[in-house]
Each structure stands twice: as C-alpha cells, then as structure tokens.
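Descriptive structure summary
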Amino acid sequence: MSTPPGKTVMITGANVGIGKDVARQLALRPETARIYLACRNRDRATAAKAELEAVTGRRIFGIVVMDVADLSSVRAGLAAVDGTVDALVMNAGVIGPRSMELTGDGVTNVFATNVLGHVVLLEGLLAEGRLGEVAVLAGSEAARGLPMLRMKRPSFASTSADELATVIDGRYFADGKTDFNLAFGQAKYIGALWMAYLARQHPDRRFITVSPGATTGTQASNDIALPLRMASKYVLPAMGFSHKLEVGAKPTLSSGVFYASAANKLKGPLVDQAGIFPDLANPSFQDHANEAIHRFII
C-alpha cells in the first residue's frame, strides 16, 4: 500500500520520553502521513507503536530498528526506509558513566549516540536526496556549561580538528579523571557546530539544534536526571508543522542556529546561543568539527 500524500517524519529514540511524545504530537497533525520510530530495541518499539496508535487513533507508525551508537545499524536502518523523510528528529542520546565506553567504531558511547550515528543518518539522507525539509538535533544547555549543576563549559585551546577528535575517541581525558558530564556537553557542542556547518553547505534545507530545556521523566539515562525535553512549542514549528500555542506566538527558528534557554537559565524562551558564546557561529570551528567527525566515519 502506498503512503498517502503528507509529511513523513523519522524520530530516533522514539520509544520513550521525548521522542515518543514528539511522535504522539505529530500524529495528531492531519498533515502527518507517516512516522518512523527509529529505536534500537524492536520489542520496546513495538510496544510504543501500539500505545501511540491507541492514544492517537492513527495507524501511521512504522518501526526502524536502529542503534545510533552502531554505524552499521544506522546504515541498515536507513536502507530499510523508503522514500523521502520530510523531517528528521535526532533525539536519541545518552549520559552517564557508561557513556565513556568505546563503541566498535572506536568512539565514546556518548559521542556515538548523541552525534556520530546521527551524522551518518542525516548525511545518508542528504547524499541520497531524501531529506525533504528539515533536520532537528536535540541540543543541551550543557554545551555552554551549567554552573548551577556543576557542569563545566566545554572549552578548547584551539578548537582544531585534532583537538576535537580527542573528544570523539575519549583521548581528551587520557591524562586525568573522566568527567562524563563535560563529555556530554562536549558532544552537544560539537554536534551544534556540525549542524551549523551543514546549514552553510545546504541552504535549501533547514538544520536546527534545539535544547528542550529542563524536565524530568525521560529515560535517556538510568544514572542521572537528564535535562532534556522536546517542547512542542518549538520543535513542531522548527519542523514546519503549524500548531496552536497555549502561550505566545509561533517562533521562527533559523537554519544553522543552536537555540536554548537564555544565559544562566534552564527553561524559558529560546535564544540563539551564539549571542552568549560567539564561537558557536565561528565558520572555522564548524569546519573543524565536521572534519574531526568524519575521521571516524569509514
């Protein structure tokens, strides 16, 4: 059976928390024709699919088995998807002590899950001409540091590709105590730079990094409470979906920008983070992030 006209969406980490609720919200939009739930566990994805169908009354959900920490799994999942993906929500992520373990691709699990797997997924869609409109990467205020939570701001001596590569494979902490909170912030920082790089290369598409802000109730980590929420007030407009807002007006989110809460805040209106830390808008740093990432993609 062919897919009816309308928008097709893929969401990583879609069986719980943020990803699952974004799927629910999008399914309630009549313009949504197909939603791919990209999850690493088929049984959990199947359970989520049944729950979403029950709560939305729509049978538009498809399952894509994909572990974003495993690049071969990402490629296999991408091959299983037919046609164009109008909107890609890169939501899957991890934080915690086990996140510093190395994957089979030789990178830390925190970087593989939050960034590298999404790079292969998104760039695969672009290479095949199958990204229709927009890609949204889940960001975090941790990319600028969170003093109130004792999370250091990622900072680098040169922000060169060589230096950023040490984050990706864990060498950054080789001479000292590992700080998995900092490693998480570093991954989110490099991910935001990479998205800005893509925005410059593909002006006909939209690439937006959005931090959902502070919340509880997600299952991104079993070790700590992760401040991560895909707020419908911002994510749906970023994806080109119109919807009613309970408070305020529909925001306009520009391609290549990293949006998160204002300085020293964990919630509230989103602002361009380059206004707080100009290095996020540095084209050379964006180029270096892209170069460092691709050293680990074969």
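Let's talk about the packing of helix α3 (residues 71–79) against helix α4 (residues 109–127)
Remark: α3 packs on α4, axes separated minimally by 9 Å, with the N-to-C direction vectors making an angle of 30°. Here α4 runs roughly parallel to α3, going by the angle between their axes. Crossing hand, α3 versus α4: right-handed. From α3, L71, V74, R75 and L78 reach across to α4, where they touch L116, G117, V120, L121, G124 and L125. Across the contact of α3 with α4, the residue classes tally to seven nonpolar, two polar and one charged.

Let's talk about the packing of helix α5 (residues 161–168) against helix α8 (residues 283–294)
Viewed as axis vectors pointing N to C, α5 and α8 meet at an angle of 50°, and their least axial separation amounts to 8 Å. Between α5 and α8, the interaxial angle falls into the category oblique. Pair α5 / α8 crosses with right-handed handedness. Two secondary-structure elements touch here, α5 through A161, L164, A165 and I168 and α8 through F285, H288, A289, E291, A292 and I293. Residues belonging to the contact of α5 with α8 are distributed by class as follows: eight nonpolar, one polar and one charged.

Side note on helix α2 (residues 42–56)
For α2, spanning 15 residues, the distance from its first C-alpha to its last is 21 Å, which sits close to the expected 21 Å at 1.5 Å a residue. Where α2 is concerned, the buried positions are A45, A48, L52, E53 and T56. Looking straight down α2, one finds its buried side chains confined to an arc of 135°; they lie on one side. Exposed side of α2, more than 90 degrees from the buried face: D43 and A54 are the residues found there. Where α2 is buried, its residues meet α1 (17–27), β2 (32–39) and β3 (61–65). Where α2 begins, one side-chain oxygen reaches toward the backbone nitrogen of D43, 3.0 Å away; that side chain belongs to N41. Following α2 by one or two positions, G57 has its phi on the positive side, about 75°.

What counts and how
- Every chain's residues receive numbers from 1 upward, in the order its sequence appears when written.
- Reporting of local features is limited, given that this is a predicted model, to residues whose pLDDT is at least 70; pairs of side-chain atoms are given and counted only at 80 or more, and all residues count toward the totals for whole chains, interfaces and linings.
- Hydrogens are left out, water is left out, and the side-chain values use all remaining heavy atoms of the structure.
- For helices, the fitted line uses only the C-alpha atoms of the stretch in contact; every axis is such a line through C-alpha atoms, and the angle between N-to-C directions lies from 0 to 180 degrees.
- Only DSSP runs of H or I reaching four residues or more are called helices, and only runs of E reaching two or more are called strands; each is numbered from the N terminus.
- Roughly parallel here means an angle under 35 degrees, roughly antiparallel means over 145, roughly perpendicular means 65 to 115, and every remaining angle is called oblique.
- A clockwise turn of the near helix away from the far one marks a right-handed crossing, whereas an anticlockwise turn of less than a right angle marks a left-handed crossing.
- Between two residues, a contact is recorded if the distance between any of their heavy atoms is within 4.5 Å.
- Following the grouping adopted for this structure description, the nonpolar residues are Ala, Val, Leu, Ile, Met, Phe, Trp, Tyr, Cys and Pro, the charged ones are Asp, Glu, Lys and Arg, and the polar ones are all others, Gly among them.
- What a helix is expected to span follows from its residue count: subtract one and scale by 1.5 Å.
- Think of it in three bands: residues with accessible area under 20% of the maximum for their type are buried, residues over 50% are exposed, and the middle band is partly exposed, with areas taken using a 1.4 Å probe on protein chains only.
- It is the directions from the helix axis to the C-beta atoms whose arc is reported.
- Identification of polar contacts relies on pairs of N or O atoms within 3.5 Å, with a donor-acceptor requirement for protein atoms, meaning one able to donate a hydrogen and the other able to accept it, and with residues adjacent in sequence counted only if both atoms are side-chain atoms.

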